[in-house]
Amino acid sequence: VDPGSHRVSIASERYLPAEKSVDIVGKGERQTLTFALDPAWGTVRVTTAPSGADVRLNDRLADGTTPLTAEPAQGNYELEVSKEGWKTVFRVFDILPGQTIDFGTIKLERVDGKLALTSTPSDATVTVNGAYRGRTPVELNLVSGETYGIGLTKPGYAPTTLSAAIKPNETTALTAKLAPESGVVFFRT
């Protein structure tokens, strides 16, 4: 390097770039210039209930499953947390060097399944676990992985109860045959 004043820049992956001025003496004299590079990453902590979910940062799969600690470089990120049978969760965040972002425990929700319910005769009132949900024929979105109590009523017919186990991303089809309700009528003429 020629004698005189010079600016020296250094860059390394995952570290912030640094720059220094140095006066080169020359005449074959060896000079040492030392840089202490600051990290350009932060820390992200992701925990889920249930655990064992995959984590992607900007579409790149992180090593391991939740609970997970990752060290992404500074910048803007989209966090994607996914697990088979559970709804995918997205979060957008910015991270600075040295910053720690803890998302706490992300509660995952089961993927919805569908219940397609018909009855003979149609137009029966439908309740799911005691809550009104419409009249037959009806298609309902329900949280998968659970079994529901289905009630059907219609004037002139005996109340009917069914149970339905809902699977993720599937439609469970049920048909109920309502039994006519008869009574005794007395006539006096």
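The structure this text deals with has already been given above.
Residue numbers restart at each chain and count upward from 1, following the sequence in its written direction. Only residues with pLDDT of at least 70 are given local features in this predicted model, and only at 80 or more are side-chain atom pairs given and counted; all residues enter the totals for whole chains, interfaces and linings. Side-chain calculation: all heavy atoms of the structure are included, whereas hydrogens and water are not.

**With respect to the side chain of Thr-66**
At step 1: With respect to the helices and strands, the residue Thr-66 is situated in the loop between strand E5 (60–65) and strand E6 (68–70).
At step 2: Owing to a relative accessible area of 4%, Thr-66 belongs among the buried residues under this scheme.
At step 3: Note on definitions: a residue-residue contact is assigned when non-hydrogen atoms from the two residues lie within 4.5 Å. Not counting chain neighbours up to four residues away, the residues in contact with Thr-66 comprise Val-46, Thr-48, Pro-50, Ser-51, Gly-52, Ala-53 and Val-55. Secondary structure elements follow DSSP: runs of H or I of four or more residues count as helices, runs of E of two or more count as strands, with numbering from the N terminus. Between buried and exposed lies partly exposed: a residue is buried under 20% and exposed over 50% of the maximum accessible area for its type, with that area taken using a 1.4 Å probe on protein chains only.

**So, the sheet that holds strand E8 (residues 89–95)**
At step 1: DSSP-based pairing: two strands are paired if at least 2 bridges between them are found. The four strands lie next to each other as E5-E4-E7-E8, forming an open sheet whose pairing is antiparallel. The strands lining the two open edges of the sheet, one partner per strand, are E5 and E8. Across the sheet, the axes of successive neighbouring strands diverge by a mean angle of 25°, strand direction being ignored.
At step 2: By the bridge criterion, three bridges tie strand E4 (residues 54–57) to E5 in an arrangement that is antiparallel. Bridge pairing in E5 places Arg-56 opposite Leu-61. Structural elements are reduced to axes, namely lines fitted to C-alpha atoms, with helices fitted over the stretch in contact, and the angle between N-to-C directions of any two is expressed from 0 to 180 degrees.

**What about the pattern of salt bridges?**
At step 1: Definition used for salt bridges: Asp or Glu carboxyl oxygen within 4 Å of a side-chain nitrogen of Lys or Arg. Applying the stated criterion across every chain, the model contains six salt bridges.
At step 2: Measuring nitrogen to oxygen at the nearest pair gives 3.4 Å for the salt bridge that ties Arg-135 to Asp-123. Taken together, the residues Arg-135 in strand E12 (residues 131–135) and Asp-123 in the loop between strand E10 (112–120) and strand E11 (125–128) connect sequence positions 12 residues apart.

Don't take any of this as a statement about function, it's just geometry.
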